[in-house]
Amino acid sequence: MRKLFFGFLLLCACNIHAQSNSQKPNVVFIISDQHKLEETGAYGSQRSITPNIDELAKTGVMFNNAYTPAPVCAPARASLVTGMYPYANGAIYHKAPVTMPNGKVKNLGSGYLRETGYHEGIVTLADVFKEQGYVSASPGKMHVHGELQKDVDEDHKEGNDMGFDEIGLRYYTYFPGGHYEDEVGEDTYMRYRQFKKYGKTYKGGSMHLNEEYVPTLVKNDEDNFDMVVARKSVEFINKRAEDGKNFFLHVGFEKPHAPFTTTQTYLDMHTPSEYQLPETYDDWYKKGKYPWVPNWVHSGIPKNLEKAQNVMAAYNACITEMDDMVGRVVNALKEKGLYDNTIIIYTTDHGEHLFEHGLRGKHNMYEDAVNVPFIVSYPKLFKGNTINNSIVSFIDLMPTLAELINGKTPETAQGVSLLDVLTKGEELKDRVVYSEFRGGDYKLLPGARNVPSRMMRKGDYKFVYTHGIIDQLYNIKTDPDELNNLIFDDNYKTIYQDMYFQTLAGWQFQEYAPIAVFLKKKKIKWQKSDAFNTYAVYYSLSDNIEEARLVLDNIAENSFEPKEKGYYWLVARPKLSKTSKFYGDDIPVAVENYSYTLPISDILKFD
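About the cut-offs
Residues numbered from 1 in each chain as written. Predicted model: local features only at pLDDT ≥ 70, side-chain atom pairs only at ≥ 80, totals over all residues. Heavy atoms only, no water. Helix = DSSP H or I, 4+ residues; strand = E, 2+ residues; numbered from the N terminus. Pairing = 2+ DSSP bridges. Axes fitted to C-alpha atoms, helices over the stretch in contact; angles between N-to-C directions. Buried < 20%, exposed > 50% of the residue type's maximum accessible area, 1.4 Å probe, protein only. Contact = heavy atoms within 4.5 Å. Salt bridge = Lys/Arg side-chain N within 4 Å of Asp/Glu carboxyl O. Parallel < 35°, antiparallel > 145°, perpendicular 65-115°, else oblique. Nonpolar A, V, L, I, M, F, W, Y, C, P; charged D, E, K, R; others polar. 1 Å grid on protein atoms, 1.4 Å probe; cavity = no way out; pocket = protein on both sides within 12 Å on 5 of 7 lines; lining within 4 Å. Points joined across faces, edges and corners; volume = space filled by probe spheres on them. Patch = residues over 30% accessible without salt bridge, like charges linked within 9 Å, V, L, I, M, F, W, Y side chains within 5 Å. Areas by Shrake-Rupley, 256 points an atom, 1.4 Å probe, with all protein chains shown as cover. Lys, Arg positive; Asp, Glu negative; His and termini not counted. Charge placed at Lys NZ, Arg CZ, Asp CG, Glu CD.

S.K.: Outline unusual backbone geometry, supporting the account with residue identities and numerical values.
M.R.: With an omega of 10°, the peptide bond between Lys255 and Pro256 qualifies as cis. Take Pro256: it is sitting in the loop between β7 (247–252) and α9 (264–267). Going from Ala258 to Pro259, the amide bond is cis rather than trans, its omega being 5°. Among the secondary structure elements, Pro259 is positioned in the loop between β7 and α9. One non-glycine residue with positive phi stands out, namely Leu354, at about 50°. Take Leu354: it is sitting in the loop between β8 (342–348) and α12 (367–370). Even without glycine at this site, Glu511 takes up a positive phi of about 80°. Along the chain, Glu511 turns up in the loop between α15 (493–504) and β15 (513–515).

S.K.: Residue-level account of the sheet that holds strand β9 (residues 371–377), with values.
M.R.: Within the open sheet, the eight strands sit side by side as β6-β5-β7-β1-β8-β9-β2-β10. Their pairing is mixed. Here the strands that pair on one side only, and so sit at the sheet edges, are β6 (166–168) and β10 (386–393). Within this sheet the neighbouring strands show an average axis-to-axis angle of 15°, counted without direction. When strand β5 (residues 135–139) meets β7, the two strands line up parallel, connected through three bridges. Within β7, the residue paired with Ser136 across the bridge is Phe248.

S.K.: I'd like to hear about the environment of Pro294, residue by residue, with values.
M.R.: Here Pro294 is to be found in the loop between α10 (283–287) and α11 (305–335). Since its relative accessible area comes to 1%, Pro294 is described here as buried. Counting along the chain gives 146 residues from Pro294 to Gly440, while the straight-line C-alpha distance between them is 6.3 Å. Residues contacting Pro294, with those up to four places away along its chain left out, are His363, Gly440, Asp441 and Tyr442.

S.K.: So what's going on with the pattern of salt bridges? Which residues, and what values?
M.R.: Here the structure, examined in full by the defined rule, presents 29 salt bridges. For Glu211, the salt bridge identified is with Lys307, shortest N-O distance 3.9 Å. Highlighted residues: Glu211 in the loop between α7 (186–193) and α8 (225–243) and Lys307 in helix α11, separated in sequence by 96 residues. A salt bridge links Asp243 to Arg240, with the nearest nitrogen and oxygen atoms 2.6 Å apart.

S.K.: Talk me through the packing of α8 against α11; I want residue IDs and the actual numbers.
M.R.: Across the interface, α8 lies against α11 with an axial gap of 9 Å and an inter-helix angle of 10°. One way to sum up the angle between α8 and α11 is to call them roughly parallel. Between α8 and α11, the contacting residues are Asp226, Met227, Ala230, Ser233, Val234 and Ile237 on the first element and Glu321, Met322, Met325, Arg328, Val329, Ala332 and Leu333 on the second. Its residues assigned to classes, the contact of α8 with α11 comprises nine nonpolar, one polar and three charged.

S.K.: For the packing of helix α2 (residues 51–58) against α11, give the residues involved together with the corresponding values.
M.R.: Running from N to C, α2 and α11 cross one another at 55°; their axes reach a closest spacing of 7 Å. In terms of orientation, α2 and α11 fall into the oblique class. Taking contact as the criterion, the partners of Pro51, Asn52, Ile53 and Leu56 in α2 are, on α11, Met322, Asp323, Asp324, Val326, Gly327 and Val330. A per-class count over the contact of α2 with α11 returns six nonpolar, two polar and two charged.

S.K.: Explain the sheet that holds strand β17 (residues 523–526) residue by residue, including any values.
M.R.: Read across the sheet, three strands follow the order β16-β17-β20 without closing on themselves; strand pairing throughout is antiparallel. Of all strands in the sheet, those bounded by a partner on one side alone are β16 (517–520) and β20 (559–560). Looking at chain direction, β17 and β20 are connected through two bridges and run antiparallel. Looking at the pairing, Lys525 lines up with Ser559 of β20.

S.K.: Account for empty space enclosed by the protein, naming residues and giving values.
M.R.: Within this structure, the stated rule accounts for four cavities of 30 Å³ or more. The volume enclosed by the largest cavity comes to roughly 80 Å³. Tyr465, His467, Gly468, Ala531, Phe532, Pro574, Val591, Asn593, Ser595, Thr597 and Pro599 are the residues that line the largest cavity. Residue composition of the lining of the largest cavity, by class: six nonpolar, five polar and no charged. Estimated volume of the second largest cavity: approximately 70 Å³. Lining of the second largest cavity is provided by Trp292, His363, Asn364, Met365, Tyr366, Tyr442, Ser453, Val464, Thr466 and Gln472. Taken together, the residues of the lining of the second largest cavity sort by class into five nonpolar, five polar and no charged.

S.K.: Tell me about a negative patch on the surface, and please be specific about residues and values.
M.R.: On the surface, Asp430, Asp543, Glu546 and Glu547 cluster together into a negatively charged patch. Along the chain, Glu546 falls in the loop between β18 (532–540) and β19 (549–555). For Glu546, a relative accessible area of 42% corresponds to the partly exposed category.

So far we have only geometry, and geometry alone does not tell us how the molecule works.
Now the structure itself:
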């Protein structure tokens, strides 16, 4: 009898524990690769076939102004994992330049060295869930500099699982034994990537844009990467349905990233001849190449309409494939009775131009590259079929999810919680977000590598700083195609000056240094440089850059005498001299001599 009584108590305790766990939501985070926002049914596309993503929008909150912290894979994904901008977490590169023992610099991808990754000691998104007792998994593409297997790096033999319990099916990340190739075999992997022995089968190899509208080389449809990722994700969901544990599932799909090949089934769902080019497709053909866009991003494909139509249709076929896999994951949740208690998020790491402005890929700060689809579905708590115009960023994901699971937001996190936005429909006011990029192959900066650029979005305005190249300022509301650069209009001079300052202030990273300033005899002093034309000073009573104001412009001397106690910054304007076809011979757009000094000082406190 006593055994039966204790057995009854034990059963009650287990049920109470299960109920306690079930009160916390599960989280399925789905991230694709290079999905252009406008190529989604929910965002207004009439040609995209995305019923499963559209359904998430119908049952959730869809954000119109969500920005990636970087318009390129690896830095964007590291920001998501750490809740920090690239400059702050240290993972600023897509491929990190590493000086080899022979003195030569080699650009390494993720998974090879810990030193090229985000800074040691940063609490990750998966860590936040682990602290709350969640089981986590991350099948599919991760592509984060910082993730590392055991015994790969001699200096970090313990590796770095980034807080995840289950890791596998990596892609673009060096991960022996846990790679996509290990799952499907070398031949299928080569067929999917279209490289090595299949590199010349289709023009462009692994970056094939599918101008011929041909299917993937993979023999078995279910061996394509996203199908395998979906299968592994469903297996994880099934396990959690059996053990009842709360879970965080990071689903890393690879499409619609190039190569733009998919199965014949998805190609047959689209008709290339029905696709039309965007209105801006010939903009740079008429004006000349954009000074702030790498040469190779400019595309000549739209000059051949049939090829361009094939590319656009093939890209959308890849989106449909990926959307189908989203459906498999969501349906698994429903079939196992887990859907009602699971937050589902869909987004992508960055966008794709798909011939907007005559460009393809990403690698710059136009909206098509940085403004991404972002949908959060949880009918249990969030009102469905809701559109929110708040300006948000990937870095907001960590504090938002931490609050939703009663977890702790790390002190290093730079974003804000969107809980009130999601639950009450509030819209954030005066929110500022940034995006940054390191690129090369700029026509006017020959030989310059990893040139830094940074975008700031606030209200209706977007400002873009590209080191050594002319600035950009756009009103996104009145000029959504970003064709009218407002830096030349005196009516926007104050907006231009303030956004220039705020974009640069506090932005520190590898290789580049701020202007050196010092205090002497109650004056702020600096050494004049031939790299700059003019100087200005900003002041704030606090160290908050958004509260700072311009106190003196066009300074001719190399010193400034502060009048008030507080915080000061010195700001400079680079000396531009090179011209371009885009703006003509009368407007200088680039520097003659490239410098590794940023046109701003560190913050200086004056007592």
